[in-house]
Amino acid sequence: MKVFGAIALVGLLSLVLLSALGVVWTRHESRVLFVQLTTLQNQRDALNVEYGRLELEQATWAEPRRIDEEARSKLGMVAPAPQDIQLVGR
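Notes on the structure follow. Because the structure is a prediction, the values reported are computed rather than measured.

### Description of the overall build of the chain
Alright, step 1. Counting secondary structure elements, the chain contains two helices and zero strands.
Alright, step 2. Here the chain has a C-alpha radius of gyration of 36 Å; the compact-globule value for 90 residues is 12 Å, and the former is much larger.
Alright, step 3. Seen along its three principal axes, the alpha-carbon backbone of the chain occupies a region of about 115 × 35 × 15 Å.
Alright, step 4. Evaluated residue by residue, the chain yields a buried proportion of 2% over its 90 residues.
Alright, step 5. Carbon and sulfur atoms make up 68% of the accessible area of the chain, which totals about 8700 Å².

### A word on the pattern of salt bridges
Oppositely charged side chains can form a pair if their charged atoms are brought close together.
Alright, step 1. Evaluation of the coordinates by the stated rule reveals eight salt bridges.
Alright, step 2. Two residues, Glu 69 and Arg 65, come together in a salt bridge whose shortest N-O distance is 3.9 Å. Taken together, the residues Glu 69 and Arg 65, both in helix α2 (residues 64-74) and four residues apart, mark about one turn of the helix.
Alright, step 3. A residue is classified by how much of its surface remains accessible, and Arg 65, at 56% relative accessible area, is exposed.
Alright, step 4. Ionic pairing is found between Glu 70 and Arg 66, a salt bridge with its closest N-O pair at 3.7 Å. Of this pair, Glu 70 and Arg 66 both sit in helix α2, separated by four residues, roughly a single helical turn.
Alright, step 5. Taken together, the shared-partner salt bridges connect Glu 50, Arg 53 and Glu 57 into one network.

### Thoughts on the environment of Asp 68
Alright, step 1. Checked against the element boundaries, Asp 68 lands in helix α2.
Alright, step 2. When its relative accessible area of 38% is taken as the criterion, Asp 68 is described as partly exposed.
Alright, step 3. Once the C-alpha coordinates of Asp 68 and Glu 50 are considered, the two residues, 18 residues apart in sequence, prove to be 27 Å apart.

Each value, and the rule that gives it
Residues numbered from 1 in each chain as written. Predicted model: local features only at pLDDT ≥ 70, side-chain atom pairs only at ≥ 80, totals over all residues. Heavy atoms only, no water. Helix = DSSP H or I, 4+ residues; strand = E, 2+ residues; numbered from the N terminus. Rg over C-alpha atoms; globule rule 2.2 N^0.38 Å. Buried < 20%, exposed > 50% of the residue type's maximum accessible area, 1.4 Å probe, protein only. Areas by Shrake-Rupley, 256 points an atom, 1.4 Å probe, with all protein chains shown as cover. Salt bridge = Lys/Arg side-chain N within 4 Å of Asp/Glu carboxyl O.

Structural measurements only, silent on function.
So, in structure tokens, the structure goes:
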């Protein structure tokens, strides 16, 4: 009976040690994942700022007044005279 008690005690002690190691490993993994999460959130925030800047730039470039100005200055385009306009029916 003493042998069985000693074996049971060693078995339980090993299970407690394995459980403790599991807790330590789980906490370590949790901290590593939290650092990754924080890094990804910072990257997301930076990308959101960049996206907002690009949307503003696109709105500036697509402004009708600016397009008209570029067409006139760089491409030499002009508005057609009324006699040059033809309506096409279906």
